[in-house]
Amino acid sequence: MAILAIDAGTTGVTAMVVSLEGKVLSRGYQEFEQHFPQPGWVEHDAGEIWQNTQTVIQEAIAKAGIKADEISAIGLTNQRETIVAWDCDTGKPLHTAIVWQDTRTADFLDHLSSSAKDLLTQRTGLAIAPYFSASKIHWLLNNVAAVQEAKSRGHLRVGTIDSWLSWNLLGGLHITDVTNASRTMLMNLETLSWDAELLAIFEIPIEILPEIKSSSEIYGHTSAEGSFSAAIPIAGILGDQHAAMVGQACFEKGSSKTTYGTGNFALLNTGDEIVRSKNGLLTTVCFKFGDEPVQYALEGSVAVTGSAIQWLRDQLGIISSASEIENLAASVPDTDGVYFVPAFSGLFAPHWRSDARGVIVGLTRAATKAHLARAALEAICYQTREIMDAMSADSGVTLTQMRVDGGITNNALCMQM
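Values in this document were obtained by computation on a predicted structure and should not be read as measured data. (Residues numbered from 1 in each chain as written. Predicted model: local features only at pLDDT ≥ 70, side-chain atom pairs only at ≥ 80, totals over all residues. Heavy atoms only, no water.)

Peer 1: Tell me about the layout of surface pockets, and name the residues and values.
Peer 2: Approximately 600 Å³ is the volume attributed to the second largest pocket. Phe 36, Val 42, Trp 311, Gln 315 and Phe 344 are, among the 24 residues lining the second largest pocket, the residues nearest its centre. The biggest single contributor to the lining of the second largest pocket is helix H10 (residues 306–316), with six residues. For the lining of the second largest pocket, the class distribution of residues is eight nonpolar, eleven polar and five charged. (1 Å grid on protein atoms, 1.4 Å probe; cavity = no way out; pocket = protein on both sides within 12 Å on 5 of 7 lines; lining within 4 Å. Points joined across faces, edges and corners; volume = space filled by probe spheres on them. Helix = DSSP H or I, 4+ residues; strand = E, 2+ residues; numbered from the N terminus. Nonpolar A, V, L, I, M, F, W, Y, C, P; charged D, E, K, R; others polar.)

As structure tokens, then:
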């Protein structure tokens, strides 16, 4: 028997088959397209994400040399604040998914009253930023005719990527877990329920939202007619950063990890205590296992780290693959005064400035693509350092080690810096 893990990230979907002893038996991965229809807008095709999910599931099962009915359970993790709206009758998305990096709702949030902003921060532990899901849902409800029409017929369903995939895998069950719900700006951190006053601020009807569940329970079974040709329980759902906390065994209060992906995300377990940050961090749910008490965390979120490397590859063309950046950056001893602030989606923690934009400074005629490559790696480190300093200030604990995961951890130069 084995476990199937599905990770629907920001740039691609991974499926892994893992033995009950924890050995990785196989892996399937497929990227999907990033859409940038306007400056500051970032979108995904939710249909493509679902199609890729089915593809990598079949790839991983085939590589493992097992049958679908030999899988004892499925775990699901996902990019978090990204929002999908779909028609529960047809099962089709009603618009492209609005990604967590998208900043189109910044003006709407800026014009909220001071009392509304205070209520949102107090109830959710989050900063007032377009990063989170609620303002994205509000935008869809007010700007997309197909969404409005589905709402009028009672067919509208909205959720984060975990909800979209579990709805497809479980034959129309509309659920999410507490970690993903805690990133929407609609869940009360204390009650772990959708909050009527928060819903009113964004004019979101509760009936379009998923039911909030724990991070570990049997939510339902796949259909024998679906992707697996077998009835398999989905037994775990966590947002990707919270899943990394579990994967890094950060179960004790005071333990932390940093994940290096499209962005950087550092979490510090605060146990059953809701700690309000005074240094620009977020308060969030860490995880909740079944009926056990919920565990909370402080989080430092950085919007652009790994995606800056993608930008050097895809937009500037100074590297042809992400793995090339280490050797290129190591070919010079320093950046020769070049600094790179990759604020492509504003600045997240600890600044929370959605109006910030990327900048490269210190250029001379002597600057080369190697200096820019090294500056991009340094930018990952500088942004992470800011988060670590804020965590130490909030917790009163000097961090003595960093548990790290994610793609950039393969880059020894970056990790050493």
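Back to the write-up after that little detour.
Peer 1: Please provide a residue-by-residue account of the pattern of salt bridges, values included.
Peer 2: This structure, assessed with the given rule, holds 17 salt bridges. In this structure, Arg 353 and Asp 355 form a salt bridge, with 2.8 Å as the shortest nitrogen-oxygen distance. Beyond isolated ion pairs, a larger network of salt bridges with shared partners links Arg 80, Glu 81, Arg 183, Asp 240 and Glu 299. (Salt bridge = Lys/Arg side-chain N within 4 Å of Asp/Glu carboxyl O.)

Peer 1: A description of the packing of helix H1 (residues 46–64) against helix H6 (residues 161–169) should follow, citing residues and the corresponding values.
Peer 2: In the contact formed by H1 and H6, the axes pass within 11 Å of each other and the chain directions differ by 60°. Of the possible angle classes, the one that applies to H1 and H6 is oblique. The element H1 and its partner H6 pack so that their crossing is right-handed. For the pair formed by H1 and H6, the contact residues are Ala 46, Gly 47, Ile 49, Trp 50, Thr 53 and Ile 57 on the first element and Ile 161, Trp 164, Leu 165, Asn 168 and Leu 169 on the second. Residues that form the contact of H1 with H6 fall into these classes: eight nonpolar, three polar and no charged. (Axes fitted to C-alpha atoms, helices over the stretch in contact; angles between N-to-C directions. Parallel < 35°, antiparallel > 145°, perpendicular 65-115°, else oblique. Left-handed = near helix turned anticlockwise from the far one by under 90°. Contact = heavy atoms within 4.5 Å.)

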